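Inside the fold
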Amino acid sequence: MGKSKPRSTQHRNLGGGARSRPRADEVQADLALAARRAEDDAGLVDALATEALTPAQRSPEEVLTTFDKLTLQADEYRRCALAAAAREESARAREEAAEADRDLAAQARAEAEEIRGRLARAETRLDERDALLRDREKAAEAGFVAEAERARAALDAELAELRRAASAEVAAERERWVRERTEALAEIEQARLARLADAERVHAELAQERQRLTARAQQLEYDQSALRGQEIQLERRERDLEREVAARAAAEVTALDREVQILRIQYGAAQEAVADLHRQLAEREQVLLKIGSSDPAHVLDELERLRVRNADLRDKLAARIGDEDLDRLRWLEQQNRELNSAREQLSYELQELRGAALADRINNLQVKQLADAERHFEVLARGYEGRIAELRSAIDTLYQDRPDPGTPLFPRCVAMDDDPALDEPGEVSGDLPDLGVFARSLQTTMFAEHDRAYRLNDICVLLGGLAMSRLHLLEGMSGIGKTSLPRALAGALGTDCAVIEVQAGWRDRTDLFGHHNTFERRFEETEFLQALYRAQTPRHRDRPFFIVLDEMNLSRPEQYFSVLLSKLENDDGVPIQLVTRAEGRAPRQLVGGTSIVLPPNVWFIGTANQDESTLEFADKTYNRAHLMELPAQRPWLDRRPVPALPPYGTDAVRRAFRQARRAHREEEKAVLAFVEYLAGDLHEHGRAVLGPRVEKQLREFTPVVVAARQGDPTGERHEYGDADQDGRSLAADHFLAMKVLRTVRGRYDVTVTGLGKLRDAIRTAWDLHKMAGEPVRCIRLLDDEVHRRES
């Protein structure tokens, strides 16, 4: 018989001083050895019982030897039983400490029970054999009987002593194990508390970092909006400057052309003047040649010499002639002087006439050039006069159709004030039934009255989105009922729904609200502005009102919808200004006749197709909105008559949402714990961050979905794979997929391997938090992203 292994080899020390459970191979080996021993001894007992030997056929030594062997085997069996019982107790205690190994412990218990049964059967057989031996001993000689009795008494005493020792050893082993287990648990608790403190500290640091990053992101968004506004102003200023530069350039070119014409005329006149001067110079040069010298100084000297000689000659002549001749000579000199003076006067006048003739020639050239320019300007003037006549005719036409100054600036809004149907408040129900009943009533009413079948899970998610945000985005392929869903919902609630078709050219708020027409002195009221105003009329102010922006991503909502995005995030109560000054009769619902407020009963629902003609939503829009993807196939529903729902008020709907949040706080905490459990994997493998806004939206979304999903299942046929989900798992699956995992789409820093690890982490967390069904939306989104990257 082999001996059981020492207790020191049945445990291994782990960090922290705690004992580990026995190795599985050691337990199996001990149990197999005990089983083999029990089977061998059972066979030996059966063989001895069937031999039916008589005392005459067996000697006393053989009887004692067989009895000793049986006694030793019984002791060995008892030790094996004690060891098996100790191991079983150890395995059971460690099974409570480590739930992951419960199968092995259960198997060990089963095998121990089996060994205990075998040992019990072996002891029974031993008792039977003992009785047989006693009978045989009675038939033996008296000496052998007395000796056998003494031996049995000694063996019984030894057996009792061994049992007391084994019991003491087991008790000591149990106390030691309990003490070691207590110490290990204390150390584990201390380590857990330390790790919990570290985790809380890290979580606090992460929360602070998230708040800082969120503030930084909001500041960046505000800076981007401001920069975009400045860019738009600069673009407009550049266009104005370009037009102004073009006008000034045209004026400068015209002035330069006129100056060029004048310079050409002056240049021609200057050329003629230069030619005349050259002619005069040539004449003088001819005169100088006749005189005989070309030096003017020499000519002057010669002239002075001739004058002196002339005077001498006159003196000599005067000395020879008489008085009569002298008088005649003086008269002639006087005549000569007068004639010279007249000649000089005539020469001066001739020069003046020549200058005047030259000026006249220049003026004639200028007049000719000016006549040509005048004819050119006459052609331009006739063109401008025709254009001015056309503009005057257009202005006259506009002024003929121009309304009276007392006409309202917002005629369509004023017409709503005068509409008696909109001025009547109507009756609304102040108490909303249980959200579970309400969701099923919505489903059947929408199908019966509008022939639109929608899954109950989608309606529950839609109600949760109404509680979470006032902006909804419905995505999916064309023709699946994205626009019909809000229409059917509004019809079932007894309220109104306005559908606005978004255009690809929308760029700013004027495309959404309209603009002021200064010629007609009225505001161009868009359908969106009219819908927003109609929601504030007495007929609709107390009811939910839905405004659908059809194909919202044909243009960028971050530009034309930016004012409302900011209002939906943080409504400061300041109305949206439409004009700077009120004119005419002001609409009753406008503040000061110039501004409109964002009413609290309005929900905006944007539909979006994903194709080449559309744009991708920015994170700013996604973060503030509730996102839904409708399935391609609608469910099958039973068509049966249903009572019409009463028109519920906005206050009743919001009270139902608040009541659901108070009633389902535990489910809210469970879903929040599930999402927070995945925070590390989401950031590590998907680069997704859970901010304060996401947590706030999750707290408002989950209770409403849970409350709406409660109740008996509906008679629909599911094709989406989420029929087994309850309200808590539906909220967790939808929110995690649409609000968190959506951010991994298209990220270059998220790998296929990371997506696979993230999928495994979600499945593990799903099972660990005991969620119902499967996370079909999360898995489908990750699988689609992996397939897209691999293909």
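Notes on the structure follow. (Residues numbered from 1 in each chain as written. Predicted model: local features only at pLDDT ≥ 70, side-chain atom pairs only at ≥ 80, totals over all residues. Heavy atoms only, no water.)

1. Thoughts on the overall build of the chain
In terms of helices and strands, the chain carries 23 helices and nine strands. For the chain, the residues scored as buried account for 36% of the 791 residues in total. Within the chain, contacts between residues separated by at least 24 positions form 80% of all contacts whose residues are at least 6 apart in sequence. As displayed, the chain has an accessible area near 46,700 Å², and 52% of this comes from carbon and sulfur atoms. (Helix = DSSP H or I, 4+ residues; strand = E, 2+ residues; numbered from the N terminus. Buried < 20%, exposed > 50% of the residue type's maximum accessible area, 1.4 Å probe, protein only. Contact = heavy atoms within 4.5 Å. Areas by Shrake-Rupley, 256 points an atom, 1.4 Å probe, with all protein chains shown as cover.)

2. Let's talk about a nonpolar patch on the surface
Nonpolar side chains collect at one region of the surface, where F377, L380, Y384 and I388 lie side by side and expose about 380 Å² of accessible area between them. By secondary structure assignment, the location of Y384 is in helix α6 (residues 323-401). For Y384, a relative accessible area of 56% translates into the label exposed. (Patch = residues over 30% accessible without salt bridge, like charges linked within 9 Å, V, L, I, M, F, W, Y side chains within 5 Å. Salt bridge = Lys/Arg side-chain N within 4 Å of Asp/Glu carboxyl O.)

3. Some thoughts on the environment of D722
Relative to the helices and strands, D722 resides in the loop between α20 (692-709) and α21 (727-740). Separated by 265 residues in sequence, D722 and N457 place their C-alpha atoms 8.2 Å apart. For D722, the contacting residues outside a window of four places in its chain are R455, N457, L730, V776 and R777. Separated by 2.9 Å, the side chains of D722 and R455 make a polar contact. Polar contacts involving the side chain of D722 include one to the side chain of R777, which spans 2.8 Å. (Polar contact = N/O pair within 3.5 Å; in protein donor to acceptor, adjacent residues only side chain to side chain.)

4. Observations regarding the packing of helix α18 (residues 665-677) against α20
It is at 9 Å that the axes of α18 and α20 come closest, and there the two elements cross at 130°. As far as their axial angle goes, α20 and α18 are oblique. Viewed along their axes, α18 and α20 form a crossing whose handedness is right-handed. On the side of α18, the interface is formed by E667, E668, V671, L672, V675 and E676, while α20 contributes E695, L698, R699, T702, P703 and V706. Of the residues contributing to the contact of α18 with α20, the split by class is six nonpolar, one polar and five charged. (Axes fitted to C-alpha atoms, helices over the stretch in contact; angles between N-to-C directions. Parallel < 35°, antiparallel > 145°, perpendicular 65-115°, else oblique. Left-handed = near helix turned anticlockwise from the far one by under 90°. Nonpolar A, V, L, I, M, F, W, Y, C, P; charged D, E, K, R; others polar.)

5. As for α18
Taking 1.5 Å of rise per residue, the 13 residues of α18 would be expected to cover 18 Å, and the 18 Å separating its terminal C-alpha atoms lies within 8% of that figure. Looking only at α18, the buried set comprises E668, V671, L672, F674 and V675. When α18 is viewed along its axis, its buried side chains cluster within an angular range of 155° and face the same direction. Exposed positions of α18 whose direction lies more than 90 degrees from the buried face are E666 and K669. On its buried face, α18 sits against α17 (650-663), α19 (679-686), α20, α21 and α22 (752-768). (Expected span 1.5 Å × (residues − 1). Arc of directions from axis to C-beta.)

6. Here's the deal with the nonpolar core
Core analysis: the largest hydrophobic core is formed by 117 residues, its most contacted members being L435, L442, F528, F561 and F604. In this structure, F604 is in contact with R470, L471, H472, F528, L532, I547, F561, L564, L568 and L598, ignoring residues within four places of it in sequence. (Core = buried A, V, L, I, M, F, W, Y, C linked by side-chain atoms within 4.5 Å.)

7. Considering the pairing of strand β1 (residues 471-475)
For β1, the buried fraction is high: five of the five residues fall into the buried class. Residues L471, L473 and E475 of β1 are buried on one face, and the alternating residues H472 and L474, pointing to the opposite face, are buried as well. Relative to strand β8 (residues 602-608), β1 runs parallel, the two being bridged by five bridges. Each bridged residue has a counterpart across the sheet, and for E475 the counterpart in β8 is A608. (Pairing = 2+ DSSP bridges.)

8. Re the sheet that holds strand β9 (residues 626-629)
Strand order across the open sheet formed by five strands is β2-β5-β8-β1-β9, with parallel pairing between neighbours. Of all strands in the sheet, those with a lone pairing partner are β2 (497-501) and β9, marking the two edges. In this sheet, adjacent strand axes meet at a mean angle of 20° when their direction is disregarded.

9. Some points on the packing of aromatic side chains
Taken as a whole, this structure holds 11 aromatic pairs when the rule is applied. Summarising the aromatic geometry, the rings of F561 and F604 are spaced 5.6 Å apart at their centres and angled 80° between planes, so their arrangement reads as edge-to-face. Pair noted here: F561 is in the loop between α14 (557-560) and α15 (562-569) and F604 is in strand β8, with a separation of 43 residues, a long-range link. For F561, a relative accessible area of 0% translates into the label buried. Relative accessible area serves as the criterion here: at 0%, F604 is assigned to the buried category. Ring geometry for F674 against W766: centres 5.8 Å apart, planes inclined by 80°, an arrangement best described as edge-to-face. (Phe/Tyr/Trp six-rings, centres within 6.5 Å; stacked < 30°, edge-to-face > 60°.)

10. Some details on a positive patch on the surface
A cluster of basic side chains, namely R658, R662, R665 and K669, defines a positive patch on the protein surface. When contributions to the positive patch are tallied by element, the ones reaching two or more residues are α17 and α18. Structurally, R662 can be placed in helix α17. For R662, a relative accessible area of 55% translates into the label exposed. (Lys, Arg positive; Asp, Glu negative; His and termini not counted. Charge placed at Lys NZ, Arg CZ, Asp CG, Glu CD.)

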